[in-house]
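Take a look at the letters that make up each chain.
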Amino acid sequence: MSSIDLETWSQVPLAPPDSIFKLTAAYKADSYPQKVNLGVGAYRDDDNKPWVLPVVKKATEILLGDPTLDHEYLPITGLPEYTSAAAKLILGADSPAISEGRAVSVQTISGTGANHLGALFLSRFYTFNGAKQIFLSDPTWANHHAIFKNVSIEPLLYPYYDPRTIGLDFTGFISALQSAPTHSVFLLHACAHNPTGVDPTPEQWDNIAAVMIERSHYAFFDCAYQGFASGDLDNDARAVRSFIAKGVPLLICQSFAKNAGLYGERVGALHVVASTKDAADRVKSQLSVLQRSEISNPPSYGARVVSLILNNPELFEEWKRDIKTMAHRIIDMRQKLFDILTNELHTPGNWDHILNQIGMFSFTGINPEQSRALVEKGHIYLTTNGRISMAGLNSHNLRYFAESLDKVVRGLL
Amino acid sequence: MIPAVRPILRYSTRSLSTWSHVPAGPPDPILGVTEAFKADTSPKKINLGVGAYRDENGKPYVLPSVKKAEAILTASNADKEYLPITGSGDFTKNAAKLAYGEESIPLAENRIAITQSISGTGALRVGGAFIARHYPHENRKIIYLPKPSWGNHTPIFRDSGLEVRGYRYFDKATVGLDFAGLKEDLKAAPEKSIVLLHACAHNPTGVDPTPEQWKEISDIVQEKGLFPFFDMAYQGFASGSTSRDAFAVRHFVAQGHQIALAQSFAKNMGLYGERVGAFSLVTSDAAERAKVDSQVKIVVRPMYSNPPIHGARIAATILSTPDLYREWEQEVKGMANRIISMREHLYNALTNDLGTPGEWGHIKSQIGMFSFTGLTPEQTKALAEKAHVYMTADGRISMAGLNGNNIQYFAESVHKAVKGEL
């Protein structure tokens, strides 16, 4: 009788830790009293604490007090009251996609789950023009690369961020759209681009849509910050809705992690807009098959919280106020940071981008060396690409950060 | 001269082509039963399809220990921050203890790599993907499933990238275990293949190996160098005892097997829709555990980043609070006992009251939520269409769907179906 094989996993190599995780771990281990964490992509209040939205607390109480609530399985595609309300939120309640039954909505494990399911669906059913590829912005959320590679879609890059202007490389972007083979798939950030904070203007979005239609491209929208970007839900959905109105074939990945502060509850949705109801029904049936062999059905709790908020007019209004609280605190930090750098410290360089960029993140424009100096000398934790999470700034640490940034730009740190 | 029609039509025509070739997918054979049941308006309808526990009144049962845990959690004002990729440490630590046992040596030696998962399905899927990627025996990425097995096993493992084959399990003639066939097939499997084992309360048959048979299976697995992957979705639910139901898992581990294990808390904690589960691997030392753990994270991150907090916190609270733990054990026993009593009732109704043709002992000897009635697909179809009694086409019934109010009607319907009188 052969002995039991104890070598089964002996060749498994150690994988490098997630870079953000490393950063957070280093921050936690740092004992410097003035340390600042600008790595995390989660909202913090002015005291640097996680913030459970007051409306979420209310919804939680309601759920706890509901005697009819159980923990039964949701349908494969999720809680219907949740998915229909989530669709209305991003597509617009009066969207022809909804009234014509052309929108398919599936509840997913937050934004990552939506991206994964959307990518998986494309890899199985999209008629790629040649190899299975997708164009991602340069740069984009790091996990986008892993998500597409994981389903055998090769990520390519389209120009996006221009380090010279610390803004959008619009010419490069349009060029890429024009030169890509027809029927290519482009991943677009609906608002509050991660990691740069640089968004196209409405006019630029119109241009992008026009070229996409001309080239028969497919738009893979990732919308993780609706409401959080400008403070207004409809405003932040503008690009998505205009693309639908113009008939660009598309899908949308939606997350309630940030705008409802529900991060760990994993609340998201994938919306595929088809051109006919018949196509939508068939797409839905195939999405169900894919979902069933991975998770069977999505988690109930978070969806119930969001469903309550979206479907109850009072709670919905309160949610909008809570979103504005978050968005405005961030906009306020941007304004104050800009003021200190420009008017008080007269830090070399133009800092307009701090005001122009939008959402949780800001690409400061500093180089990797300067970023590392901020971490090592200033105990200010940010990623090497110079990205800061505005949510990590508050009235207590803003001045320290501004002064440290000023020093590092002057080479004095 | 009428100007040419403007581009609007051209755009629609283009986008019409995107999904026009996508075929309609089939309805899920198990979850589709519930949908059909919901659409039925008959007051007599009975749903014996999906494996979700129902109380004596046919209602979903929220465990009192779960309610208590939820109240504790709400009062604690916990935040909603992201969990680590492999989930809540409190949860996984306690889940491992529950499955492997407090005295487990690999546990004490920090050799168990464990991740929180999206219930049992997610555990199987992460496990399948991990194995497809890292199993060192390149031409042995083959998983043997018992015949029959839970319907979803096949697509889960196939989509993970494994080849799916079967080993004999259910004996139609005896309505029991085809142990000789099982042994033959495992011995004939290529060395180093992977074998999926239902830890307890086999789904869909309810037929489990005896402890002695498990020991023999362990020996064969060792002899053939097979890799054992346990699916444990009913710990506590089968016999009423969590330790008894973990016998096979713990025996294999004690024998030195490096197992893979998928755990679900859907049934034993009634947490179904909260998606609470765990996937674990027994590794050879703590350093290897760390490497395996790092690679499991690479599997999880591009699929869903990190798992949901709510259900895991409930489970962790129960498992780590002695009073709640004891309460929970009693509640699980209660569910298991109600099911055992329904088995008794049904057997008596068919055998003694109605004299239904056939031998119905298997209803009593089978274990867990499900029973393989032996009904044919034609009979199950007739039961749905004529009697408004819903079960999966393979004749599997969820015993949990039976209660004092409907069991007589059910027995009579089965009687008619068997006699062809529906």
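Anyway, here's the lowdown on the structure attached to this text. Keep in mind the model is a prediction, meaning the values are calculated, not measured.

1. Let's talk about the overall build of chain B
Alright, step 1. Check the secondary structure of chain B and you find 17 helices and 13 strands.
Alright, step 2. In terms of C-alpha radius of gyration, chain B reaches 23 Å, essentially the compact-globule figure of 22 Å for 422 residues.
Alright, step 3. Per-residue burial for chain B yields a buried fraction of 59% across its 422 residues.
Alright, step 4. For chain B, contacts bridging at least 24 residues in sequence account for 75% of all contacts bridging at least 6.
Alright, step 5. Surface exposure of chain B reaches about 16300 Å², of which carbon and sulfur atoms provide 53%.
Alright, step 6. The centroid of the 47 positive side-chain charges in chain B is displaced by 6 Å from the centroid of its 43 negative side-chain charges.

2. A few points about the overall build of chain A
Alright, step 1. Helix and strand counts for chain A stand at 16 helices and 13 strands.
Alright, step 2. Projecting the C-alpha coordinates of chain A onto the three principal axes gives extents of approximately 70 × 65 × 55 Å.
Alright, step 3. Taking all 413 residues of chain A together, 61% fall into the buried category.
Alright, step 4. In chain A, once contacts between residues fewer than 6 apart in sequence are set aside, the share between residues at least 24 apart is 75%.
Alright, step 5. Summing over all exposed atoms, chain A offers an accessible surface of approximately 15500 Å²; the carbon and sulfur share of this is 53%.
Alright, step 6. Charged side chains of chain A number 36 positive and 42 negative; the gap between the two group centres comes to 1 Å.

3. Let's talk about the pairing of strand β8 (residues 227-232) of chain B
Residues and elements named next belong to chain B.
Alright, step 1. Most of β8 is tucked away, with six of its six residues classed as buried.
Alright, step 2. Going residue by residue along β8, you find F227, F229 and D231 tucked away on one face and P228, F230 and M232 tucked away on the opposite face as well.
Alright, step 3. Here strand β7 (residues 194-198) runs beside β8; their pairing, made up of five bridges, is parallel. Paired with H198 across the bridge in β8 is D231.

4. Observations concerning the nonpolar core
Alright, step 1. F229, F230, L346 and F410 of chain B are the most contacted members of the largest nonpolar core, which totals 134 residues.
Alright, step 2. Here this core gets ten residues from one element, more than from any other, and that element is helix α14 (residues 322-354) of chain B.
Alright, step 3. Setting aside anything within four residues of it in sequence, one finds F410 of chain B in contact with I46, L48, L346, V389, M391, I397 and L402 of chain B.
Alright, step 4. Core analysis: the next-biggest nonpolar cluster, separate from the first, contains 71 residues, W319, Y400, F401 and L405 of chain A among them.

5. Examining the pattern of salt bridges
Alright, step 1. As enumerated under the stated definition, the model contains 34 salt bridges over all chains in all.
Alright, step 2. For E109 of chain B, the salt bridge goes to R111 of chain B, with nearest N and O atoms at 2.8 Å.
Alright, step 3. Here R111 of chain B falls in the buried class, since its relative accessible area comes to 16%.
Alright, step 4. Several salt bridges share partner residues, and in doing so they unite D206, R238 and K246 of chain A into one network.

6. A word on the packing of aromatic side chains
Aromatic rings in a pair are described by how distant their centres are and how their planes are angled relative to each other.
Alright, step 1. With the rule as written, the count across this model stands at 45 aromatic pairs over all chains.
Alright, step 2. Look at Y158 of chain A and F173 of chain A: their rings are 4.6 Å apart centre to centre, the planes differ by 20°, and that puts the pair in the stacked class. Residue Y158 of chain A is found in strand β4 (residues 154-159), and its partner F173 of chain A is found in helix α7 (residues 170-179); the two are separated by 15 residues along the sequence. Here Y158 of chain A matches F173 of chain A in class, with each residue buried.
Alright, step 3. Between Y234 of chain B and F237 of chain B, the aromatic rings sit 6.2 Å apart at their centres with planes inclined by 65°, giving edge-to-face as the arrangement.
Alright, step 4. Take Y234 of chain B: its relative accessible area is 4%, and that puts it in the buried class.
Alright, step 5. R387 of chain A extends its terminal NZ or CZ atom over the ring of F361 of chain A, reaching a point 3.8 Å from the ring centre.
Alright, step 6. When the ring centre of F37 of chain B is taken as origin, the NZ or CZ atom of K45 of chain B, which lies over that ring, is 4.4 Å away.

7. Focus: unusual backbone geometry
Alright, step 1. Cis rather than trans, the peptide bond between K147 of chain B and P148 of chain B has omega equal to 0°.
Alright, step 2. Within the element layout of this structure, P148 of chain B appears in the loop between β3 (142-147) and α7 (153-160).
Alright, step 3. The omega torsion across N203 of chain B and P204 of chain B is 20°, close enough to zero to call that bond cis.
Alright, step 4. Note that P204 of chain B resides in the loop between β7 and α9 (211-223).
Alright, step 5. In the Ramachandran plot, H183 of chain A falls in the positive-phi region, its phi being about 65° despite a non-glycine side chain.
Alright, step 6. By the secondary structure assignment, H183 of chain A is in the loop between α7 and β7 (185-189).

Each value, and the rule that gives it
- The residue count restarts for each chain, going from 1 along the sequence in the order it is written.
- Here chains are named by letter from A upward and ligands by number from 1 upward, in the order in which they appear as written.
- Local features in this predicted model are restricted to residues whose pLDDT is 70 or higher, and side-chain atom pairs enter the listing and the counts only when it is 80 or higher, whereas totals over whole chains, interfaces and linings include all residues.
- Water and hydrogen atoms were dropped before computing side-chain values, which therefore reflect all heavy atoms in the structure.
- Strands here are runs of E lasting at least two residues and helices are runs of H or I lasting at least four, both read from the DSSP assignment and numbered beginning at the N terminus.
- Two things to know: the radius of gyration comes from C-alpha atoms, and the globule rule equals 2.2 Å times the number of residues to the power 0.38.
- Burial classes follow relative accessibility: with a 1.4 Å probe on protein chains only, a residue under 20% of its type's maximum area counts as buried, one over 50% as exposed, and anything between as partly exposed.
- We call two residues in contact whenever any of their non-hydrogen atoms come within 4.5 Å of each other.
- Surface accessibility in these figures is a Shrake-Rupley result with a 1.4 Å probe; residues are shielded only by whichever protein chains are displayed.
- For the purpose of charge, His is not counted, nor are the chain termini; Lys and Arg are scored as positive and Asp and Glu as negative.
- The atoms used to mark charge sites are NZ of Lys, CZ of Arg, CG of Asp and CD of Glu.
- Strands are labelled as partners when DSSP assigns at least two bridges between them.
- Among the buried residues, those of types Ala, Val, Leu, Ile, Met, Phe, Trp, Tyr and Cys that are joined through side-chain atoms within 4.5 Å form a nonpolar core.
- Each reported salt bridge corresponds to a side-chain nitrogen of Lys or Arg within 4 Å of a carboxyl oxygen of Asp or Glu.
- Centre distance within 6.5 Å is the pairing criterion for rings of Phe, Tyr and Trp, where only the six-membered ring of Trp is used; planes under 30 degrees apart are then read as stacked, over 60 as edge-to-face, and the remainder as tilted.
- For a Lys NZ or an Arg CZ to count as sitting over a ring, it must be within 6 Å of the ring centre and within 35 degrees of the ring normal.

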